[in-house]
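# Architecture and fold: a report
Spelled out from the first residue to the last, the chains are:
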There are 2 protein chains.
Amino acid sequence: METLYRTQMEAARKGIITDQMRAVAKKEYRDPEEIRALVAEGKVAICANRLHKCLDPNGVGSMLRTKINVNLGVSRDCKDYDVEMEKVMAAVNMGAEAIMDLSSHGDTGPFRRKLIAECPAMIGTVPVYDSVIHYRRDLSELTAKDFIDVVRLHAEDGVDFMTLHCGITRDTVREIKNHGRKMNIVSRGGSLVFAWMCMTGNENPFYEFYDEILEICREYDVTISLGDACRPGCLADAGDSCQIGELVRLGELTKRAWDRDVQVMVEGPGHMPFDQIEANMKLQQTICMGAPFYVLGPIVTDIAPGYDHITSAIGGTAAAAAGAAFLCYVTPAEHLALPNLEDVKQGIIASKIAAHAGDIAKHVPHSRDADDLMGDARRTFDWEKQWELAIDGETAKRVRDERKPELEESCSMCGKFCAVRSMNRALNGEYIDIL
Amino acid sequence: METLYRTQMEAARKGIITDQMRAVAKKEYRDPEEIRALVAEGKVAICANRLHKCLDPNGVGSMLRTKINVNLGVSRDCKDYDVEMEKVMAAVNMGAEAIMDLSSHGDTGPFRRKLIAECPAMIGTVPVYDSVIHYRRDLSELTAKDFIDVVRLHAEDGVDFMTLHCGITRDTVREIKNHGRKMNIVSRGGSLVFAWMCMTGNENPFYEFYDEILEICREYDVTISLGDACRPGCLADAGDSCQIGELVRLGELTKRAWDRDVQVMVEGPGHMPFDQIEANMKLQQTICMGAPFYVLGPIVTDIAPGYDHITSAIGGTAAAAAGAAFLCYVTPAEHLALPNLEDVKQGIIASKIAAHAGDIAKHVPHSRDADDLMGDARRTFDWEKQWELAIDGETAKRVRDERKPELEESCSMCGKFCAVRSMNRALNGEYIDIL
């Protein structure tokens with residue numbers, strides 16, 4: 001089989017059902033042929049670098065279960081590969097389907113290769129972050145070729161998907177300067193590309209040498225995650241001409257990638273008022289012809305720093321319900337500081353809630369099964385079953401145990417006023433004592 | 001003026017603009033005449049018992065800023081009036097516009113009267129909870145008259161709004177038994193009324209003696225909050241015939257109250273899949289002719305105990321955006337235990353986020369002002385201004401301070417990779433160092 005195709009998309013288009021497609025079909029309660037057809041069309045991406053041998057493959061697509069990504073990586077604060085690897089595996093155990101390695105310190109290669117060797121989740125990177133660190137030269141001193149070489153290096157290391165800010169051009173530099181956005185560019189990678197373009201006067205290398213990038217991605221089956229440099233960084237910038245102009249270019253770049261059988265995801269907002277989210281998801285689906293949408297947030301208010309796991313769970317649910325396929329987690333430390341372990345946990349749980357609530361809303365097969373069993377467990381006071389079904393049963397059990405109820409069947413919130421207890425007794429024709 | 005009308009609604013219908021209407025108009029950036037017209041129609045309720053002298057009045061209506069309610073009260077765990085009063089004032093300072101006193105232990109009267117004497121927020125109660133405690137007789141031993149007398153007692157004490165489960169009848173008892181709901185009735189008050197009906201075989205006194213209740217409410221200007229006994233307690237029960245059947249009866253009861261110039265709010269879900277929320281809000285608005293909708297949640301997944309402040313912030317935003325006027329807070333302890341102080345805080349903040357995000361979505365005048373200023377403060381690295389604008393600036397400041405950034409202008413998350421820093425420099429034509 002290995003010689004018949006380079007990418008999952010090429011295989012799908014040749015009518016080949018790969019092992020990865022079969023694995024995805026099983027997880028999603030779908031027919032393998034159905035998954036193959038969706039991969040062929042680009043509506044499902046199976047991010048699976050040919051060299052990531054321990055990968056447990058997942059499909060990303062609007063009609064599948066919504067996936068979540070967790071950002072980790074070694075930094076000035078945490079340089080210990082083993083400690084960071086433990087965080088990665090904890091995130092995977094909590095339900096993250098993807099890990100983006102945003103390492104920003106020291107020699108990033110060994111950690112990246114360790115991740116690929118040991119982690120079964122999809123691994124993503126943002127090569128532009130790594131360029132400065134890899135070459136140990138400042139941004140203005142890097143050449144277009146340097147950036148492309150880092151893309152190749154990451155592909156050779158086995159990275160499954162890469163965020164590449166291909167959609168901004170010299171025109172964007174003029175647009176941003178003229179439009180007077182409140183927050184300009186808040187995408188880290190996007191701002192680095194913009195800064196490099198400003199300092200060198202050159203065209204965006206990820207746009208100029210896109211064909212070369214496609215060749216690399218085709219060779220290893222790297223899924224391109226088309227970065228949205230112009231994603232709104234505050235409610236006021238949402239849906240403006242900078243954001244939508246870039247989205248139109250991302251649609252063109254999606255087409256060019258698909259022409260080379262390269263898989264694509266498209267990245268999206270950002271900060272956005274709740275009432276604009278559904279329309280934005282639909283717009284992405286039409287402009288990018290159904291390519292999976294990978295969103296950060298959307299964060300639905302700018303004034304809740306410290307609680308942006310909540311503001312983005314709100315937006316993420318609305319996004320997933322309207323067709324987003326992949327949510328990037330946001331932690332309570334967003335806008336403030338590097339997230340600590342507890343922040344990472346809170347961010348993952350909030351994202352899982354959003355993904356799950358979105359799946360129920362868009363009627364993903366079997367997405368409500370656990371919820372229905374939870375209803376039964378609550379009605380019958382089966383607390384052990386409740387902990388088992390819960391997204392974080394350990395925390396739920398601890399909260400109940402810390403505040404011992406007077407009655408085993410109810411909890412300390414209502415005691416004998418418990419509606420479930422009263423109803424069970426009433427429907428059994430029993431006497432209901434409240435005092 | 002006092003003799004010309006009994007209720008805000010009667011005043012409005014007589015063309016009188018009351019002080020309360022004027023105060024509401026000012027807070028909402030509306031014309032007093034506009035508020036008067038909305039009160040006359042029943043589309044805005046100003047919950048203001050004539051005896052609640054220290055009230056700082058607020059309007060509740062789909063076109064106004066979304067209000068939030070916090071449940072407190074003395075319980076077996078916390079019997080100290082002064083301690084509970086401190087919690088109340090802390091909730092008001094955190095932005096709660098209403099406090100429901102759900103006291104369930106000891107002599108509830110003195111605390112209720114202390115609340116009315118000292119608290120400027122709207123005060124609500126659920127008289128059926130208090131009935132058992134007030135008479136110190138078990139539920140089955142109470143008469144219909146006993147319940148109505150507690151309503152009168154609360155009205156005389158100055159309560160601004162009361163949750164009364166008037167919408168279930170003997171027919172509902174049969175419906176619940178036959179329909180086979182997963183969670184039956186999860187409304188505490190609703191289950192008590194249901195249990196009483198089952199044990200005595202009598203009709204629901206809050207339905208049978210509704211006219212008498214209207215007389216009491218008219219006398220003191222108590223707003224009736226029509227309780228939804230059949231609100232879904234799990235996703236599977238959402239939108240079923242029990243819920244919608246009761247909503248239809250609540251629409252009829254709304255009309256009967258308005259005929260007597262009594263103000264009304266209608267209570268709503270509960271647990272509900274995200275995709276059903278908007279339709280449910282619109283349905284309530286048509287069936288109840290625009291009466292303000294007061295929702296608990298909606299909780300958008302059943303499997304996140306320990307995190308139901310998040311699941312309900314998601315549903316609450318969708319509800320507010322689609323027309324809900326009033327959100328009941330939900331704490332992380334929901335379904336598990338009596339909330340502690342930290343739970344109360346987390347619940348209030350999550351509700352404020354939902355209310356605020358909903359207001360922005362439905363374009364309530366000036367609702368986005370603080371968000372826009374936050375964007376400016378972030379662009380200019382004005383951290384003090386950020387703390388000032390934040391819903392919980394103290395927490396946000398603490399998170400940043402705990403993890404000292406290497407650069408004053410950025411934070412420890414991105415350091416020199418900070419997009420805002422790079423963009424400010426790039427747009428000023430400055431050199432951008434990253435290493």
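Description of the structure in this document. (Residues numbered from 1 in each chain as written. Chains lettered and ligands numbered in written order. Predicted model: local features only at pLDDT ≥ 70, side-chain atom pairs only at ≥ 80, totals over all residues. Heavy atoms only, no water.)

### Considering unusual backbone geometry
All names here are of chain A. Where we set the bar: Helix and strand labels come from DSSP, where a helix needs a run of H or I of at least four residues and a strand needs a run of E of at least two; each type is numbered from the N terminus. For each residue, the accessible area found with a 1.4 Å probe, counting protein chains only, is set against the maximum for its type, and the residue is called buried under 20%, exposed over 50%, and partly exposed in between.
Each neighbour pair has its own omega, and for Pro269 with Gly270 the value is 15 degrees, a cis peptide bond. You can see Gly270 is positioned in the loop between strand 8 (264-268) and helix 13 (274-287). A positive phi angle, near 55 degrees, is found at Met289, a position not held by glycine. Turning to its location among the elements, Met289 is positioned in the loop between helix 13 and strand 9 (293-296). Taking relative accessible area as the criterion, Met289 reaches 32% and is therefore assigned partly exposed. Even without glycine at this site, His363 takes up a positive phi of about 60 degrees. Among the secondary structure elements, His363 is positioned in the loop between helix 15 (341-361) and helix 16 (369-379). Residue classification places His363 among the exposed residues on the basis of a relative accessible area of 61%.

### A few points about the pattern of salt bridges
Here is the rule we go by: Here, a salt bridge means any Lys or Arg side-chain nitrogen found within 4 Å of an Asp or Glu carboxyl oxygen.
Under the counting rule described, the total for this entry stands at 80 salt bridges over all chains. Residue B:Lys182 pairs with A:Asp376 through a salt bridge whose shortest N-O separation is 3.1 Å. Of this pair, B:Lys182 sits in the loop between helix 8 (170-179) and helix 9 (188-200) while A:Asp376 sits in helix 16, which puts the two residues in different chains.

### Some words on the packing of helix 4 (residues 81-93) of chain A against helix 5 (residues 108-118) of chain A
Residue and element names in this part refer to chain A. Worth spelling out the cut-off: Orientation is described by lines fitted to C-alpha atoms, with helices fitted over the stretch in contact, and by angles between N-to-C directions that extend from 0 to 180 degrees. We call two directions roughly parallel when the angle between them is under 35 degrees, roughly antiparallel when it is over 145, roughly perpendicular when it lies between 65 and 115, and oblique otherwise. For a crossing to be left-handed, the near helix must be turned anticlockwise from the far one by less than a right angle; the clockwise case is right-handed. Only heavy atoms enter the contact rule, under which two residues are in contact if any of them lie within 4.5 Å. Throughout this entry, Asp, Glu, Lys and Arg are counted as charged residues, while Ala, Val, Leu, Ile, Met, Phe, Trp, Tyr, Cys and Pro are counted as nonpolar. The remaining residues, Gly among them, count as polar.
One way to put it is that helix 4 packs onto helix 5 with a least axis distance of 11 Å and a crossing angle of 40 degrees. The angle between helix 4 and helix 5 falls in the class oblique. Once helix 4 is placed against helix 5, the crossing between them reads as right-handed. Residue-level contacts link Tyr81, Asp82, Glu84, Met85, Val88 and Met89 of helix 4 to Pro110, Phe111, Lys114, Leu115 and Glu118 of helix 5. Counted by class, the contact of helix 4 with helix 5 contains seven nonpolar, no polar and four charged residues.

### Quick notes on the pairing of strand 5 (residues 122-125) of chain B
Note on strand geometry: in a regular strand, side chains alternate between the two faces of the sheet. Residue and element names in this part refer to chain B. The line we're drawing: The criterion for strand pairing is that DSSP finds at least two bridges linking the strands in question. Handedness of a crossover: with both strands directed away from the viewer, a clockwise path from the first strand across the helix to the second marks it as right-handed.
Side chains Met122 and Gly124 project from strand 5 onto one buried face, and the interleaved Ile123 and Thr125 project onto a second face that is buried too. Bridge count for strand 4 (residues 98-101) against strand 5 is four bridges, and the pairing is parallel. Its bridge partner lying in strand 5, Ile99 is registered against Ile123. Each parallel crossover has a hand, and for strand 4 linked through helix 5 (residues 108-118) to strand 5 it is right-handed. Pairing analysis gives two bridges linking strand 5 to strand 6 (residues 161-164), with the strands arranged parallel. For Thr125, the partnering residue across the bridge sits in strand 6 and is Met162.

### Observations regarding the side chain of A:Asp240
Residues and elements named next belong to chain A. Under the convention used in this document: For the purposes of these results, a polar contact is taken to be a pair of N or O atoms within 3.5 Å, where, inside protein, one atom must be able to donate a hydrogen and its partner to accept one; residues adjacent in sequence count only when each atom of the pair is a side-chain atom.
Among the secondary structure elements, Asp240 is positioned in the loop between strand 7 (223-226) and helix 12 (241-259). Within polar-contact distance, the side chain of Asp240 engages the backbone nitrogen of Gln243 at 3.0 Å. Not counting chain neighbours up to four residues away, the residues in contact with Asp240 comprise His179 and Arg181.

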